[in-house]
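What follows is each chain in one-letter form.
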Amino acid sequence: MAATVQINEYNDVGEVKEANITNSNMGDVDDPNLDPVANPVIPGENTYEKYQTLEVTAMGGSSAIDNLKIWRTGALGGSAVHMTNARIADYAEKSYVQPIKTDSTQADQAMPTSEPVSADLGIGGALAGSLIAAGESDLLIHQIQTDAGDVAGSTSTMNFQYDEVS
Amino acid sequence: MTNSSKVTCSPCQKVFESNEAYLKHKCAKTGFTPTQPEHFDALSNGKFSLQSKAALARGEARKKSKK
């Protein structure tokens, strides 16, 4: 039996947890699994920040989950940029703040567009951290910032990768 | 560190007052609890098991390379 892992999202002032989200759609509303067509971003503005975690719901006989790597594959529309707190160096755990759609101060690095060479999201505040029992990673924060000349949305894939040790 | 006030099971939309209660519930969408691999396989057409095997292979390979 293997460890069971899911992706969660936190929203609103109450840090309401949506467990095991079905997508990471981004738009002009602070909701999980949002409808981007009904909630489009005005060109030149930003999506609401996303606050997400990787959660181990059961270890399933394994001893550790570690080496979390987060990246996006696929191009964004126009000259939009995708910002995040994920990074492979100078990492510091971030706390939850109600998501905003002004420029994020929490997500201040470009989202990797290929697999990072090492972990870029921490566990317990450290990139070298590991989960040895059910629990969650540090918060992944990300936001798409568009340009006034951008006229269409885009579809891309968020990758959440972990290693499991028996 | 998170401090959630409520937990919603995204697949079945049932709301819980604690994560412990969420983890123990049998999801109406899958028929399994969120601690069972079958829950995730049901939601991903079996892809979860493949992802899990790949994660285990990476972890074991790293463990061997450290020895």
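Remember, it's a predicted structure, so these values are computed and weren't measured experimentally.

Peer 1: Which residues make up the overall build of chain A, and what values do they have?
Peer 2: Tallying secondary structure elements over chain A gives zero helices and 10 strands in all. Reading the helices (α) and strands (β) of chain A from amino to carboxyl end gives β-β-β-β-β-β-β-β-β-β. A globule of 166 residues ought to have a C-alpha radius of gyration of about 15 Å, and chain A, at 16 Å, matches this closely. Taken along the three principal axes of its C-alpha coordinates, chain A extends 50 × 30 × 25 Å.

Peer 1: Which residues make up the overall build of chain B, and what values do they have?
Peer 2: Broken down by element type, chain B carries three helices and two strands. Each helix (α) and strand (β) of chain B, taken in turn from the N terminus, gives the series β-β-α-α-α. In terms of overall dimensions, chain B is more spread out than a globule: its C-alpha atoms have a radius of gyration of 16 Å, far above the 11 Å expected for 67 residues. By its C-alpha atoms, chain B is 45 × 30 × 15 Å across when sized along the principal axes. In chain B, the proportion of contacts linking residues at least 24 apart, taken out of those at least 6 apart, comes to 2%.

Peer 1: I'd like to hear about the sheet that holds strand β7 (residues 130–131) of chain A, residue by residue, with values.
Peer 2: All names here are of chain A. Here we have three strands laid out as an open sheet, ordered β7-β4-β10, and antiparallel in their pairing. Two strands lie at the open edges of the sheet, namely β7 and β10 (157–165), each paired on one side alone. By the bridge criterion, eight bridges tie strand β4 (residues 64–73) to β10 in an arrangement that is antiparallel. By the bridge assignment for β10, I70 is matched with F160.

Peer 1: Quick one: what's the story with the interface of chain A and chain B, residue by residue and with numbers?
Peer 2: In many reports, interface size means the accessible area that the parts give up when they come together. Each partner contributes residues to the interface: chain A has 29 residues there, and chain B has 26 residues. Counting only elements with at least two residues in the side of chain A that touches chain B, the list comes to β1 (4–11), β2 (16–19), β3 (50–58) and β10 of chain A. Across the side of chain A that touches chain B, the residue classes tally to 12 nonpolar, 11 polar and six charged. Summarising the sheet, β2 of chain A and strand β1 (residues 7–9) of chain B pair through three bridges and their orientation is parallel. From the neighbouring strand, E18 of chain A faces β1 of chain B, where its bridge partner is T8 of chain B.

Peer 1: Residues and numbers for the nonpolar core, please.
Peer 2: Counting residues in each nonpolar core, the largest one holds 27 residues, and the members touching the most others are A3, V56, I65, L68, L121, L140 and Y162 of chain A. Per element, the largest residue contribution to this core is four residues, and it comes from β4 of chain A. In this structure, I65 of chain A is in contact with A3, V56, S130, L131, Y162 and E164 of chain A, ignoring residues within four places of it in sequence. Grouped together as the second largest cluster of nonpolar side chains are five residues, V7, C9, Y22 and C27 of chain B included.

Peer 1: Quick one: what's the story with helix α3 (residues 47–66) of chain B, residue by residue and with numbers?
Peer 2: Residues and elements named next belong to chain B. When the terminal C-alpha atoms of α3 are compared, their 29 Å separation across 20 residues agrees well with the 28 Å that a helix rising 1.5 Å per residue should span. Among all positions of α3, only F48, S52, A55 and G59 are buried. For α3, the angular spread of buried residues about the axis comes to 65 degrees, placing them on one side. Every exposed residue of α3 that faces more than 90 degrees away from the buried side is listed here: K47, L50, K53, A57, A61, K64 and S65.

Peer 1: Outline the pairing of β3 of chain A, listing residues and values.
Peer 2: Residue and element names in this part refer to chain A. Across the nine residues that make up β3, a large majority, eight, are buried. Bridge analysis of β1 against β3 gives seven bridges, and the strand direction is antiparallel. Directly across from V5, in β3, lies its bridge partner V56. Pairing of β3 with strand β8 (residues 135–136), which is carried by two bridges, proceeds in the antiparallel orientation. The partner of V56 across the bridge, within β8, is G135.

About the criteria used
Residues numbered from 1 in each chain as written. Chains lettered and ligands numbered in written order. Predicted model: local features only at pLDDT ≥ 70, side-chain atom pairs only at ≥ 80, totals over all residues. Helix = DSSP H or I, 4+ residues; strand = E, 2+ residues; numbered from the N terminus. Rg over C-alpha atoms; globule rule 2.2 N^0.38 Å. Contact = placed C-beta atoms within 7 Å. Pairing = 2+ DSSP bridges. Nonpolar A, V, L, I, M, F, W, Y, C, P; charged D, E, K, R; others polar. Core = buried A, V, L, I, M, F, W, Y, C linked by C-beta atoms within 7 Å. Buried ≥ 20, exposed ≤ 12 C-beta atoms within 10 Å, placed from the backbone. Expected span 1.5 Å × (residues − 1). Arc of directions from axis to C-beta.

Shape is all these values report; function is a separate question.
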